[in-house]
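# Residue-level structure breakdown
Each chain, letter by letter, is given below.
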Amino acid sequence: MMRRWRRALAVGLLSAVTLTGVGCSFDKGDRASSSASGDASSSEVKIAGWGGTTWSQNFNLFSPTATAVTPGTAFFYEPLVRLDRTKAGEVLPFLAESWEFNEDGTELTFTLRNDATWSDGEPFTAKDVAFTWQLVIDGKTKAYYPFKQVSAIDDTHVKVVYDEPAFADLVSFAKRQIIPEHVWKDEDPATFTNPEPIGTGPLVLDSFSPQQLTLKMRDDYWGDTSTDVKTVKIMAMSADAAKDALKKGTIDYGTAGWENADEEYVSKDPEHFSYTFYPVGTSDGIVFNTMKAPYDDPAVRRALRDSIDLEAAAKAVNVGYSVPTKAGLDPSVYGDILASGQEAKLDVEAAKKDLADAGWEVVDGNLVKNGQSYTLQYDVYQPYTEWVLTAQILADQWKQNLGLTVGINQLADQPFSQLVESGDYGMMSSSPTQGLQITDIVTHFDSARVGTPGEKNDGNEMFFKNERLDEIGVKLGEFPPGSTDEAFKKLAVEAQEILAEEAPFIATATAGWKAELNSMRWTGWPVQGETTWVPNNTLPADAILTILNLKSS
């Protein structure tokens, strides 16, 4: 017997679980017909870029230096499914029309569309899907997928096989983009830069410069392209330059966090300018390299967490986020499975006691134990201004509350990427609880994903190992997505308790997608709680649907 989950599949807690409304479907009837006049200004969308102020021509999804990949890949390469961002959750078709698990959740078969083509005219088939995923299974990329086998049954059916029940893995296919076998079969994913991307998406690369990408709309895309958009330009610029361009109205769309956005941006033209925060249920914050002293001691990690006032930091940064639990969950999203006593609150006395009980002293701003002195440094991703501001606030609190001096090391895109890949850090800004449901969050800490500190980060960037948490991750995967079973909740609570006690990270802020949207030239932008996609240029399907649903003003 096969278990079938299709369009109405409940998949756990998604990004917009607290939102309401009915999402729009990907149908021609959702939009007005094209009204473009042929004038470039009425058919061109300008987007503030990300990932640096200059780019190299690298569209390799599997590049070893992931953050050095040129923006725009989400417009070229598509996933088999997408996620409904308005519900607790629904998985919706994209390149796949349907899917089904076997009874025990160890096999998952997708039925693909038969009308999609690559942008060079070649047909899209199950062989492309199997080829893409086999690269990961064979270890030819840095990506990690939990299934162990993949096979193309015929041109429109592909099957993956897991060692353990894996119902919860379905949501992850929404971010697993597919590449064309006929382009990549003779290339090395570790070195190929893929300068002329061939994808199934609606946009193709028209021109490239280190400061600007120009993408043009295909006329043979499998989906609806009645949008007025004919060209998309992605402009490389600093955060300050992007803010300036947005305020002047010369950019249509940005996705950066913006402190005081209502005052600095929206108030300039409330009729046309909007700033929205879309919660995802997980968190941003600080990850510790738990194999590197002094961060290998959970007492140090807890002390650093408990000696800061995150509510005060959230108010000061003011980009729309709130404070997650100690385990990194958004209480407004995961309220039904939260462990008790998880509020992240300032407790300086507990922090000092943790340090003292573990034999630590603070001397001249450094941590000292057994005659060994440790200087603390916090490596922060500089392009995210809200992360930098948060780091500066926390450093002041550590100094005031514990006497610790924590250096803030701001790193631009490329050096930060290299640091992440190497694993040669002590404490670093990141998104410590990744995924779209509690199972994803727990398995993010899987010991199997631990690399070698100072040499390689294999996805568990905390290098954290806990056998019981590994066991819980496996058991959670045995439950169908969205489970309300009491045994599932009990496991989820235990996982949170382990994460709070071991503190491999500090969850400083609820994670979310931010967007600055300008309706002077374009309408039809996603509306929180109503459209089933969000305006984010790095999310496959969401990025595409955002553009395809725009109408010229």
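Remember, predicted model here, so these are calculated numbers, not experimental data.

About the cut-offs
- Residues numbered from 1 in each chain as written.
- Predicted model: local features only at pLDDT ≥ 70, side-chain atom pairs only at ≥ 80, totals over all residues.
- Heavy atoms only, no water.
- Helix = DSSP H or I, 4+ residues; strand = E, 2+ residues; numbered from the N terminus.
- Rg over C-alpha atoms; globule rule 2.2 N^0.38 Å.
- Areas by Shrake-Rupley, 256 points an atom, 1.4 Å probe, with all protein chains shown as cover.
- Phe/Tyr/Trp six-rings, centres within 6.5 Å; stacked < 30°, edge-to-face > 60°.
- Buried < 20%, exposed > 50% of the residue type's maximum accessible area, 1.4 Å probe, protein only.
- 1 Å grid on protein atoms, 1.4 Å probe; cavity = no way out; pocket = protein on both sides within 12 Å on 5 of 7 lines; lining within 4 Å.
- Points joined across faces, edges and corners; volume = space filled by probe spheres on them.
- Contact = heavy atoms within 4.5 Å.
- Pairing = 2+ DSSP bridges.
- Axes fitted to C-alpha atoms, helices over the stretch in contact; angles between N-to-C directions.
- Parallel < 35°, antiparallel > 145°, perpendicular 65-115°, else oblique.
- Nonpolar A, V, L, I, M, F, W, Y, C, P; charged D, E, K, R; others polar.
- pLDDT = per-residue confidence, 0-100.
- Core = buried A, V, L, I, M, F, W, Y, C linked by side-chain atoms within 4.5 Å.
- Salt bridge = Lys/Arg side-chain N within 4 Å of Asp/Glu carboxyl O.

## Notes on the overall build of the protein
Within the protein, the secondary structure is distributed over 14 helices and 22 strands. A compact globule built from 553 residues would reach a C-alpha radius of gyration of about 24 Å, and the protein, at 23 Å, matches this within 12%. On the principal axes, the C-alpha backbone points of the protein span a range of 70 × 60 × 45 Å. Summing over all exposed atoms, the protein offers an accessible surface of approximately 21300 Å²; the carbon and sulfur share of this is 46%.

## With respect to the packing of aromatic side chains
As enumerated under the stated definition, the model contains 27 aromatic pairs in all. Geometrically, the ring pair formed by Trp184 and Phe192 is edge-to-face, given 4.9 Å between the ring centres and 85° between the ring planes. Here the two residues Trp184 and Phe192 agree in accessibility, since each one is buried. Plain terms: the ring middles of Tyr265 and Phe273 are 4.6 Å apart, the flat faces sit at 5° to each other, and that makes the pair stacked.

## Observations regarding empty space enclosed by the protein
One simple way to see leftover space: roll a probe sized like a water molecule over the atoms. Per the stated rule, a full pass over the model turns up one cavity of 30 Å³ or more. By volume, the largest cavity is sized at about 90 Å³. Residue lining of the largest cavity: Asp284, Gly285, Tyr321, Tyr378, Glu386, Trp387, Thr390, Ser429, Thr508, Ala509 and Lys514, and that is the complete set. For the lining of the largest cavity, the secondary-structure elements that each account for two or more residues are β13 (273–288), α9 (385–402) and β20 (505–518).

## Topic: the environment of Thr156
Following the sequence through the fold, Thr156 ends up in the loop between β7 (149–154) and β8 (157–161). Take Thr156: its relative accessible area is 23%, and that puts it in the partly exposed class. C-alpha of Thr156 to C-alpha of Leu112: the two residues are 44 residues apart in sequence and 4.7 Å apart in space. If we skip the residues at most four places from it in the chain, Thr156 touches Phe110, Thr111, Leu112, Arg113, Asn114 and Ala126.

## Side note on the sheet that holds strand β15 (residues 366–369)
The three strands are arranged β14-β15-β16 in an open sheet whose pairing can be described as antiparallel. The open sheet is flanked by β14 (361–363) and β16 (372–374), the only strands paired with a single partner. On average, each strand axis in the sheet is tilted by 35° relative to the strand beside it, whichever way the strands run. Two elements, β15 and β16, share three bridges in a ladder whose sense is antiparallel. Bridging from a neighbouring strand, Lys369 pairs with Gln372 of β16.

## Some points on the packing of helix α6 (residues 298–306) against helix α13 (residues 486–502)
Relative to each other, α6 and α13 sit at 90°, their axes nearing to 8 Å. On the basis of their axis angle, the class for α6 and α13 is roughly perpendicular. Within the contact between the two elements, α6 uses Pro298, Arg301, Arg302 and Arg305 and α13 uses Ala500, Glu501 and Glu502. The residue inventory of the contact of α6 with α13, partitioned by class, reads two nonpolar, no polar and five charged.

## Focus on the confidence of the model for the protein
Per-chain confidence: the protein averages 87 in pLDDT, with 90% of residues scoring 70 or above. In the model, residues 1–38 has pLDDT below 50 throughout and makes 129 contacts with residues more than four positions away in sequence or in other chains.

## Looking at the pairing of β8
Where strand β6 (residues 107–112) and β8 come together, five bridges link them in antiparallel fashion. Its bridge partner lying in β8, Leu108 is registered against Val160. Pairing of β7 with β8 involves five bridges; the strand directions are antiparallel. Each residue of the ladder has a partner; that of Ala152, found in β8, is Val158. The turn joining β7 and β8, which pair antiparallel and follow one another in sequence, is formed by two residues.

## Digging into the nonpolar core
One finds Ile286, Leu304, Tyr378, Trp398, Ile438, Phe445 and Leu469 to be the most contacted residues of the largest nonpolar core, which totals 79 residues. Per element, the largest residue contribution to this core is seven residues, and it comes from α9. With sequence-adjacent residues up to four places away left out, Trp398 is seen in contact with Ile286, Leu304, Ser307, Ile308, Tyr378, Gly403, Leu404, Val406, Met427 and Ile506. Grouped together as the second largest cluster of nonpolar side chains are 78 residues, Phe76, Ala116, Leu545 and Leu548 included.

## Points about the pattern of salt bridges
The final tally for this structure, using the stated rule, is 22 salt bridges. The residue Lys159 makes a salt bridge to Glu107 at a minimum N-O spacing of 3.8 Å. Of the two residues, Lys159 is situated in strand β8 and Glu107 in strand β6; the sequence distance between them amounts to 52 residues. By relative accessible area, Lys159 is classed as partly exposed at 24%. Between Lys514 and Glu386 there is a salt bridge whose closest N-O contact spans 3.1 Å. Note that Lys514 is positioned in strand β20 and Glu386 in helix α9, a separation of 128 residues in sequence. With respect to burial, Lys514 and Glu386 carry one shared label: buried. Because the salt bridges share partners, they merge into one network encompassing Arg302, Asp354 and Glu501.

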